[in-house]
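Survey of secondary and tertiary structure
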Amino acid sequence: MFCVTDKRLTYIFKKYNGSKENMNRFTISAILKSIKGKPISSISLKNVRCFSSSSDKMIVEIDSQSGIATMYANNAPVNSLDSGLLTAAVKAVKEAERNPDVRGILLTSKFDGQVFCAGLNILDMYQKSHQHLVDYWTMVQDWYLAWYGCKKPTVAAINGHAPAGGCAWSMMCDYRIMQSGAGKTIGLNETMLGIVAPFFFVELIQSTIGHRASEEALLKGLLLSAEDALKYGMIDDIEKLENLNSKAIKELKAFMAINLNAYQGSKMLLRQDVMKRLIAVKKEDAEFFANFVSQPQVQESIGNYVASLKARKK
Ligand code: CO8
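About the cut-offs
Residue positions are counted from 1 within each chain, in the order its sequence is given. In view of the model being predicted, local features appear only for residues whose pLDDT reaches at least 70, and side-chain atom pairs are presented and counted only at 80 or more, with totals across whole chains, interfaces and linings using the full set of residues. Water and hydrogen atoms were dropped before computing side-chain values, which therefore reflect all heavy atoms in the structure. Should a side-chain nitrogen of Lys or Arg be within 4 Å of a carboxyl oxygen of Asp or Glu, the pair is scored as a salt bridge. A helix here means a DSSP run of H or I that spans at least four residues, while a strand means a run of E at least two residues long, and both kinds are numbered starting from the N terminus. Under the scheme applied here, a residue whose accessible area is under 20% of the maximum for its type counts as buried, over 50% as exposed, and between as partly exposed, the area being computed with a 1.4 Å probe on protein chains only. The rule for a residue being near a molecule or strand is that one of its heavy atoms must lie within 4 Å of it. Polar contacts, as counted here, are pairs of nitrogen or oxygen atoms within 3.5 Å of one another; within protein the pair requires one atom able to donate a hydrogen and one able to accept it, and residues that are adjacent in sequence qualify only if both atoms are side-chain atoms. For accessible areas, the Shrake-Rupley method is used with a probe of radius 1.4 Å. Any residue's cover is judged against the shown protein chains and nothing else. Lys, Arg, Asp and Glu make up the charged group, whereas Ala, Val, Leu, Ile, Met, Phe, Trp, Tyr, Cys and Pro make up the nonpolar group; the residues left over, Gly among them, are polar. Definitions used for this entry: grid spacing 1 Å over protein atoms alone; cavity, a set of points where a 1.4 Å probe fits but cannot get out; pocket, an open set with protein on both sides within 12 Å along at least 5 of 7 lines; lining residue, one with an atom within 4 Å of a point. Grid points are joined across faces, edges and corners, and a volume is the space filled by probe spheres set on the points. Two strands pair under a simple rule: DSSP has to find at least two bridges between them. How sure the predictor is of each residue is captured by pLDDT, a score from 0 to 100. Contacts: residue pairs with any heavy atoms within 4.5 Å of one another. By this rule the span expected of a helix is its residue count minus one, scaled by 1.5 Å. Residues enter a nonpolar core if they are buried and are Ala, Val, Leu, Ile, Met, Phe, Trp, Tyr or Cys, with the set joined through side-chain atoms within 4.5 Å.

1. Details of the pattern of salt bridges
- Counted according to the given criterion, the structure contains eleven salt bridges.
- As a salt-bridge pair, K57 and D82 come within 3.0 Å of each other at their nearest N and O atoms. With a gap of 25 residues between them, K57 in the loop between strand 1 (49-55) and strand 2 (58-63) and D82 in the loop between strand 3 (68-73) and helix 3 (83-98) connect regions that are remote in the sequence.
- We classify D82 as buried; its relative accessible area is 16%.
- Two residues, D228 and K231, come together in a salt bridge whose shortest N-O distance is 3.5 Å. Here K231 and D228 lie together in helix 8 (residues 226-232), a separation of three residues that amounts to about one turn.
- Residues joined in a network through salt bridges with shared partners are D174, K267 and R271.

2. Quick notes on the site of the ligand
- Around the ligand, the structure places 28 residues, and the nearest of them are L120, Y305, K310, R312 and K313.
- Here a nitrogen atom of the ligand and a backbone polar atom of I122 are 2.9 Å apart.
- Alone, the ligand offers 1,100 Å² of accessible surface; in the complex the protein occludes 81% of this.
- In terms of residue count, the dominant contributor to the shell around the ligand is helix 12 (residues 296-312) (four residues).
- Tallied by class, residues from the shell around the ligand come to 18 nonpolar, six polar and four charged.

3. Observations concerning the layout of surface pockets
- Looking at the largest pocket, its volume works out to about 1,200 Å³.
- Along its surface, the largest pocket is lined by 43 residues, and V78, A118, I122, Y305 and L309 are the ones closest to its centre.
- Where the lining of the largest pocket is concerned, the elements lending two or more residues are strand 7 (160-163), helix 6 (199-209), helix 11 (282-294) and helix 12.
- A total of six residues in the lining of the largest pocket trace back to one element, the largest contributor, which is helix 12.
- Of the residues contributing to the lining of the largest pocket, the split by class is 27 nonpolar, ten polar and six charged.

4. Description of the sheet that holds strand 7
- Pairing within the open sheet is mixed, and its four strands lie in the order 5-7-9-10. The open sheet has two edge strands with one neighbour each: strand 5 (114-115) and strand 10 (224-225).

5. Here's the deal with the pairing of strand 8 (residues 175-179)
- A large share of strand 8 lies buried, amounting to five of its five residues.
- Relative to strand 8, strand 6 (residues 154-158) runs parallel, the two being bridged by four bridges. Looking across to strand 8, one finds that A156 is bridged to R176.
- Pairing geometry for strand 8 and strand 11 (residues 237-239), over three bridges, is parallel. Residue pairing in the sheet places M178 in a bridge with I238 of strand 11.

6. Remarks on the confidence of the model for the chain
- Overall, the prediction assigns the chain a mean pLDDT of 89, with 82% of residues at 70 or greater.
- Strand 6 holds the highest mean pLDDT among the elements of the chain, 99, whereas helix 1 (residues 7-15) holds the lowest, 48.
- Per-residue pLDDT stays below 50 along residues 1-6; that stretch engages in eight contacts with residues further than four places along the chain or on separate chains.
- Taken together, the stretch residues 13-26 has pLDDT below 50 and engages in 18 contacts with residues farther than four places along the chain or on a different chain.

7. A word on helix 3
- With 16 residues, helix 3 extends 23 Å from end C-alpha to end C-alpha; this agrees with the ideal 22 Å at 1.5 Å per step.
- All buried positions along helix 3 are accounted for by L85, L86, A88, A89, V90, A92, V93 and A96.

8. A look at the nonpolar core
- Counting 73 residues, the largest nonpolar core has M58, W143, Y144, W147, W169 and M172 as its most contacted members.
- Counting residues per element, this core draws most heavily on helix 4 (residues 130-148), at eleven residues.
- Within the second largest apolar cluster, ten residues are counted, among which are L106, I177, L244 and M256.

Here it is, written out as structure tokens:
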């Protein structure tokens, strides 16, 4: 609950048709910071970076001047894609599509220099009921469809590790740039967990790095350094952490400069086949996932993997 008593905020809510309910603490603190000490008459939202958020798990910062919405995945400790982050990620991208002030999306992580996204939440696949697995997978499908089919340009600034679903998320974007020289890794490592990546992840990697390279990367479950990922074509560029966002924004602006109808039409031609394929088999695909993951030997592999993650800490 926020107790907003600042008169200048009330003025902004009125003037910009905002409502306190639609603004979270990031929005409010950002606006307060930017107008600190200023009289009402001098307040202009032109230079205010407005924050809005589907939930605190996906922080969205909109720069109304540039038209760029920077989206920070914020699900501590490692941005594992649990139901909360998946839902927030879908909501954020759909809101950005509807928002005429947004012309491009920068996807990055709040855990700068540590983890971009640790992939799907392994615990949602371990010792869960059939219905839980079906529901979880439906959220994964919706997340993929929303991001891969996003009607506005998307660039991923990969500022930390990006295994499995984290790598897939970046490949759903139009362009990827990753933190260099820091030993962070990226790749579809599903086979290392004893599981099989879904067909729409496989298609993502194939369309990003080609069939032959995908065979090696996927079958071996390779986690590549940024430098090696660049050689594979898994990412488009690398950059030091301090310059990562500015370089990503430069690339994003190049996509934003394209006529939106031309952009959307071309993107759909490139991507719609696999999305339509998924939409046609959504239920069967969720059932397949639930049945596959429930197999005792798969549960055992996932259990061992979870234990190995915990053991690394000791
Ligand atoms: N899901 C759930 N919890 C996780 C995950 C995850 N993906 N990754 C890490 N955690 C947990 C750890 O267990 C640990 O928990 P705790 O604090 O309780 O011990 C906590 O997060 C912090 O993890 P670390 O200490 O390992 O954090 P580090 O900063 O040292 O390392 C890494 C970060 C590199 C991201 C590391 O955590 C890691 O390698 N994680 C595993 C990543 C991974 O392999 N993800 C694969 C997920 S599967 C997927 O995305 C696609 C599945 C497709 C299924 C298809 C089936 C048909």
